[in-house]
Amino acid sequence: MIYLDNAATTKTAPEVVDAMLPYFSEYYGNASTIYGLGAESKKAMDHARQTIADSLGAKPEEIYFTAGGSESDNWALKATAEAYASKGKHIITTKIEHHAILHTCEYLEKRGFEITYLNVDRDGLISLDELKAAIRPDTILISVMFANNEIGTIEPIAEIGEIAKEHGVLFHTDAVQAYAQVPINVDEMHIDMLSASGHKLNGPKGIGFLYIRKGVKIRSFVHGGAQERSRRAGTENIPGIVGLGAAVERAMRIMDSKTRKEIELRDYLIGRLENEIPHCWLNGHRTKRLPNNINFSFLFIEGESMLIMLDMKGICASSGSACTSGSLDPSHVLLAIGLKHEEAHGSLRLTLSEDSTKEEMDIVAEEVKKIVQRLRDMSPLYEDFLKSQKNN
Amino acid sequence: MYSEKVMDHFQNPRNVGEIEDASGVGTVGNAKCGDIMRMFLDIDENGIIREAKFKTFGCGAAVATSSMATELVKGKTIQEALQVTNKAVMEALDGLPPVKVHCSLLAEEAIHAALWDYAEKNHITIEGLQKPKNDISEGEEEEDY
């Protein structure tokens with residue numbers, strides 16, 4: 001199997017699993033208790049919190065564990081909206097956010113908030129001028145993703161943070177794809193809130209965190225016990241937290257070598273696809289891009305068909321076609337960068353890991369080439385295209 | 001998520017291609033929704049469909065339903081071909097996931113479109129054949145939450 005869907009989820013690293021295991025049946029104590037067993041859990045949790053804080057240049061008390069990226073995004077938006085509603089009801093985000101942000105924004109719109117959705121250019125980058133122009137006296141929050149999950153484009157986060165700070169507006173970033181893949185410092189980038197998820201960085205599923213800068217007024221998301229400074233009640237998921245901590249520790253340790261390797265393989269495969277397959281192009285910015293992301297549009301064919309054929313060859317990938325989204329509309333991200341519907345339907349996303357190899361890239365290039373041709377041969381759009389070429 | 005029959009017709013689609021100077025050609029769907037089917041029929045002087053071929057831009061289900069539809073109309077009379085409904089195509093494929101039902105509607109519509117083209121070319125009326133829509137889109141309702 002060639003697994004190239006690491007933006008969907010990653011393999012939990014063996015060292016992460018090893019770190020977690022004792023916290024299921026050996027150190028299973030509730031971290032809120034006073035006896036020694038519970039103290040072990042508390043100690044492990046504090047250690048994980050410190051590791052995560054260090055990775056961002058943050059303080060441990062600014063890290064709040066959640067069940068993952070979607071919860072963190074929901075919390076950041078809903079609780080900020082509630083806490084700052086007296087100041088204003090305007091929020092700025094982008095058209096290419098994850099649905100955890102977009103659908104939460106729709107929810108808030110129905111409750112009287114006004115949302116500005118910033119456009120992006122062909123590469124998926126927002127315009128800082130458009131952002132500045134969108135800020136109003138009643139703007140309470142700017143939420144812009146650190147890097148896009150589909151096309152891999154990395155937004156100008158430090159510049160956005162600077163603008164937010166100048167205008168006294170809170171800045172949240174959904175860093176689910178970027179955290180522990182690219183260096184992030186919350187102070188240097190003026191980030192007030194940041195969402196992250198464990199399973200995108202070789203950690204376990206069902207655990208993530210929200211960074212909340214000290215001083216940000218934000219309401220409790222889950223009411224109950226005093227866990228997470230009373231802001232997110234519920235007995236802590238200690239094995240998950242330990243796993244997340246171990247995954248972060250590992251990710252920070254290998255970031256340089258992993259990034260170098262992934263970029264080399266990424267650009268190699270991009271080059272092969274671009275050079276060897278006609279009527280296709282790379283989506284997303286060429287260099288302001290996650291090290292492991294490749295996203296192509298192949299004209300005249302549809303993505304789901306491509307995915308099934310790749311799966312039959314043991315290659316796991318993803319697409320922005322409607323058929324893979326369960327609706328009739330293709331990816332909102334690909335439409336936002338200006339692709340036509342049929343161009344978005346024919347998209348393919350390949351996301352690498354540190355385990356990816358050049359041999360795998362070569363196999364994938366060969367298979368994609370064959371599959372694209374096979375599907376084009378049965379496509380009426382390709383037939384029409386060839387006829388129009390002949391007539392010219 | 002697909003039945004074995006669907007996977008078989010997707011992996012080994014029957015009757016892919018074009019028929020030159022076909023008796024009837026119909027194209028339905030649109031690229032916006034991600035499905036386009038073009039069906040070619042060769043109909044003899046007795047009104048029997050001698051040959052059916054297709055070209056499809058679309059997902060696995062779109063390819064499989066096109067393939068099955070061509071199989072089902074081959075050798076049939078025009079009237080019999082009109083009985084090849086989306087339900088018949090789905091049943092022949094051992095079912096489709098709910099989100100893919102529109103693909104089978106598209107296949108039915110492609111047969112009708114090709115027959116309509118045949119009728120127009122030959123200035124005849126086919127009993128029971130309505131002018132086909134050239135687009136199928138279910139009014140899928142947005143979930144509210």
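Since the model is a prediction, treat every value here as computed from it, not as a measurement.

### Comments concerning helix H3 (residues 36–56) of chain A
Three- or four-residue spacings in an α-helix give side chains the same orientation, since the helix completes a turn every 3.6 residues.
Right, on to step 1. Between the first and last C-alpha of H3 of chain A there are 31 Å, a value that for 21 residues agrees with the 30 Å anticipated at 1.5 Å per step.
Right, on to step 2. Each element contacted by the buried residues of H3 of chain A is listed here: helix H2 (22–25), strand S2 (63–66), strand S7 (193–197), strand S8 (208–212) and helix H8 (238–276) of chain A.

### A few points about the sheet that holds strand S9 (residues 280–282) of chain A
Residue and element names in this part refer to chain A.
Right, on to step 1. As summarised here, the arrangement of the three strands in space is S9-S10-S12, forming an open sheet in which the pairing is antiparallel. Each having just a single partner strand, S9 and strand S12 (347–351) make up the two edges of the open sheet. Across this sheet, the average inter-strand angle for adjacent strands is 20°, counted without regard to direction.
Right, on to step 2. Pairing geometry for strand S10 (residues 293–298) and S12, over five bridges, is antiparallel. Within S12, the position partnered with Ile294 by the bridge is Leu350.
Right, on to step 3. Its contacts with the sheet place H8 against S9, S10 and S12, and it is angled at close to 10° to S10.
Right, on to step 4. Against the sheet, helix H9 (residues 303–312) touches S10 and S12, its axis set at about 45° to S12.

### Examining the pattern of salt bridges
Residue and element names in this part refer to chain A.
Right, on to step 1. With the rule as written, the count across this model stands at 38 salt bridges over all chains.
Right, on to step 2. For Asp5, the salt bridge identified is with Arg349, shortest N-O distance 3.0 Å. Linking Asp5 in the loop between strand S1 (2–3) and helix H1 (14–20) with Arg349 in strand S12, this pair joins segments that are 344 residues apart in sequence. Here Asp5 and Arg349 have matching classes, each one buried.
Right, on to step 3. Taking the shortest distance from any N to any O, the salt bridge between Arg272 and Asp362 comes out at 2.7 Å. Here the residue Arg272 occupies a position in helix H8, and Asp362 occupies one in helix H13 (residues 358–377), the gap between them amounting to 90 residues.
Right, on to step 4. What makes Asp362 partly exposed here is its relative accessible area of 22%.

### What to know about the UniProt feature "domain: NIF system FeS cluster assembly NifU N-terminal" (unreviewed entry) in chain B
Right, on to step 1. The sites that carry the UniProt feature "domain: NIF system FeS cluster assembly NifU N-terminal" (unreviewed entry) are, in the present numbering, residues 1–123 of chain B.
Right, on to step 2. Secondary structure content for residues 1–123 of chain B is 45% helix and 20% strand, and the end C-alpha separation is 44 Å.

### What to know about the side chain of Ser23 of chain B
Residues and elements named next belong to chain B.
Right, on to step 1. Here Ser23 lies in the loop between helix H1 (4–11) and strand S1 (24–30).
Right, on to step 2. Side-chain polar atoms of Ser23 contact the side chain of Asp42, separated by 3.5 Å.
Right, on to step 3. Discounting chain neighbours no more than four positions away, the residues touching Ser23 are Leu41, Asp42, Ile43, Asp117, Tyr118 and Lys121.

### A word on the packing of H8 of chain A against H13 of chain A
Residues and elements named next belong to chain A.
Right, on to step 1. Orientation of H8 relative to H13, taken along the N-to-C sense of each, is 25°, at an axis distance of 10 Å. Put simply, H8 runs roughly parallel to H13. Remark: the crossing between H8 and H13 carries right-handed chirality. For the pair H8 and H13, the contacting residues are Leu265, Tyr268, Leu269, Arg272, Leu273 and Glu276 in the first and Lys358, Met361, Asp362, Val364, Ala365, Glu366, Val368 and Lys369 in the second.
Right, on to step 2. Its residues assigned to classes, the contact of H8 with H13 shows eight nonpolar, no polar and six charged.

### Re the environment of Asp192 of chain A
All names here are of chain A.
Right, on to step 1. Within the fold, Asp192 resides in the loop between strand S6 (170–174) and S7.
Right, on to step 2. Each C-alpha atom of the pair Asp192 and Arg213 lies 5.0 Å from the other, and the pair is 21 residues apart in sequence.
Right, on to step 3. What Asp192 contacts, discounting residues up to four positions off in sequence, is Val169, Leu170, Phe171, Tyr211, Ile212, Arg213 and Val216.

### A word on the interface of chain B and chain A
Right, on to step 1. Taken together, the 32 residues of chain B in the interface contact 28 residues of chain A.
Right, on to step 2. Carbon and sulfur atoms make up 61% of the surface buried where chain B meets chain A, a total of about 2,400 Å² over both sides.
Right, on to step 3. In this assembly, chain B and chain A are joined by five salt bridges.
Right, on to step 4. The salt bridge partner of Glu383 of chain A is Arg38 of chain B, with a shortest N-O separation of 3.2 Å.
Right, on to step 5. Connecting chain B to chain A are eleven residue pairs in polar contact (both at pLDDT 80 or more).
Right, on to step 6. Contributions of two or more residues to the side of chain B that touches chain A are made by H1, strand S2 (35–43), strand S3 (49–57) and helix H2 (60–73) of chain B.
Right, on to step 7. Here the residues of the side of chain B that touches chain A are counted per class, giving 16 nonpolar, eight polar and eight charged.

### Some thoughts on the sheet that holds strand S3 (residues 90–94) of chain A
All names here are of chain A.
Right, on to step 1. Ordered by their spatial adjacency, seven strands build an open sheet running S2-S8-S7-S6-S5-S3-S4, and the pairing between neighbours is mixed. With partners counted over all chains shown, the strands left at the sheet margins are S2 and strand S4 (114–118), one partner each. Neighbouring strand axes in the sheet, compared pairwise and without regard to direction, differ in orientation by 20° on average.
Right, on to step 2. Examined bridge by bridge, S2 and S8 share four bridges and lie antiparallel to one another. Paired with Phe65 across the strands is Phe209, a residue of S8.
Right, on to step 3. Those strands touched by H3 are S2, S7 and S8, and its axis lies near 115° from that of S2.
Right, on to step 4. Of the strands in this sheet, S3, S4, strand S5 (139–143) and S6 touch helix H5 (residues 99–110), which is tilted by about 150° from S4.

Rules of the game
Residues numbered from 1 in each chain as written. Chains lettered and ligands numbered in written order. Predicted model: local features only at pLDDT ≥ 70, side-chain atom pairs only at ≥ 80, totals over all residues. Heavy atoms only, no water. Helix = DSSP H or I, 4+ residues; strand = E, 2+ residues; numbered from the N terminus. Expected span 1.5 Å × (residues − 1). Contact = heavy atoms within 4.5 Å. Pairing = 2+ DSSP bridges. Axes fitted to C-alpha atoms, helices over the stretch in contact; angles between N-to-C directions. Salt bridge = Lys/Arg side-chain N within 4 Å of Asp/Glu carboxyl O. Buried < 20%, exposed > 50% of the residue type's maximum accessible area, 1.4 Å probe, protein only. UniProt positions renumbered as here; feature names shortened; annotations may be inferred. Polar contact = N/O pair within 3.5 Å; in protein donor to acceptor, adjacent residues only side chain to side chain. Parallel < 35°, antiparallel > 145°, perpendicular 65-115°, else oblique. Left-handed = near helix turned anticlockwise from the far one by under 90°. Nonpolar A, V, L, I, M, F, W, Y, C, P; charged D, E, K, R; others polar. Buried area = accessible area lost by both parts, 1.4 Å probe.

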